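Residue strings, one per chain:
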Amino acid sequence: LYIYSRTLDSSNKFQNWILESSKYKSLDIVVCDSVNKSVENADIICTVTSSDSIIPIVKEEDLAAFVHINAIGGSTYDACELDPRIFRNATTVVELKSAALNEAGEIRQGIKTNLIEEKDLLEISDILNRKNFTSKPITVFKSVGIAAQDMAIADKIFQNAVSMKIGSNIPW
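Read on for an overview of the structure.

### Overview of the pairing of strand 7 (residues 138-142)
Line of reasoning, step 1. Of the two faces of strand 7, only the one carrying I138, V140 and K142 is buried; T139 and F141 on the other face are not.
Line of reasoning, step 2. Pairing between strand 5 (residues 90-94) and strand 7: five bridges, direction parallel. Among the inter-strand pairings, A90 is bridged to a residue of strand 7, identified as I138.

In structure tokens form, the structure reads like this:
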């Protein structure tokens, strides 16, 4: 597992948290001093930033030929966690096109610079309904967060916990 944060202290704290709070105490975690070192050989990349910059964090040239990216941060009108050039060779999945077009800066930049078209975006429902599409060497899930989906998932988790008689009831 390769991790990177803007500060070494944050990376080290995250590494310690993973090792202390998980069953994977022997997990090999490498703290990287640059984004490109953390992604260059990755099969799966997860970005979770509070970035609001138009300057991409993950650059196209740093990626392996085949990679999946979960990009769940930087959800503002202009924010770019990902280099918009990534979308040229990517199958891109979003929760809802309308939300991504309003809140995902890298998708907005990709469309503005003709690297991707709105019709190229797949919604989660397209995947669940087995819509035909051609998978590309790079797959991207860009999430901007949809409260209704969060509530539906939380309800399903709660119902499963109740039926399995697990968890704790916390009064409030």
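### Considerations on unusual backbone geometry
The phi angle of most residues is negative, glycine excepted, and most peptide bonds adopt the trans form.
Line of reasoning, step 1. Residue N114 is not a glycine yet carries a positive backbone phi of 60°.
Line of reasoning, step 2. In this fold, N114 is placed in the loop between helix 4 (105-112) and strand 6 (121-123).
Line of reasoning, step 3. Classification of N114 by relative accessible area gives exposed; the value is 69%.
Line of reasoning, step 4. In this model, K165 sits at a positive phi of 55°, which is unusual for a non-glycine residue.
Line of reasoning, step 5. Assignment of secondary structure puts K165 in the segment after helix 6 (147-164).

### Let's talk about helix 4
Line of reasoning, step 1. All of the buried residues along helix 4 are G105, E106, I107 and G110.
Line of reasoning, step 2. Packing partners of the buried residues in helix 4 comprise strand 5, helix 3 (97-103), strand 6 and strand 7.
Line of reasoning, step 3. A positive backbone phi angle near 60° is found at N114, which sits one or two residues after helix 4.

Cut-off values and rules
- Residues numbered from 1 in each chain as written.
- Predicted model: local features only at pLDDT ≥ 70, side-chain atom pairs only at ≥ 80, totals over all residues.
- Heavy atoms only, no water.
- Buried < 20%, exposed > 50% of the residue type's maximum accessible area, 1.4 Å probe, protein only.
- Helix = DSSP H or I, 4+ residues; strand = E, 2+ residues; numbered from the N terminus.
- Pairing = 2+ DSSP bridges.
- Contact = heavy atoms within 4.5 Å.

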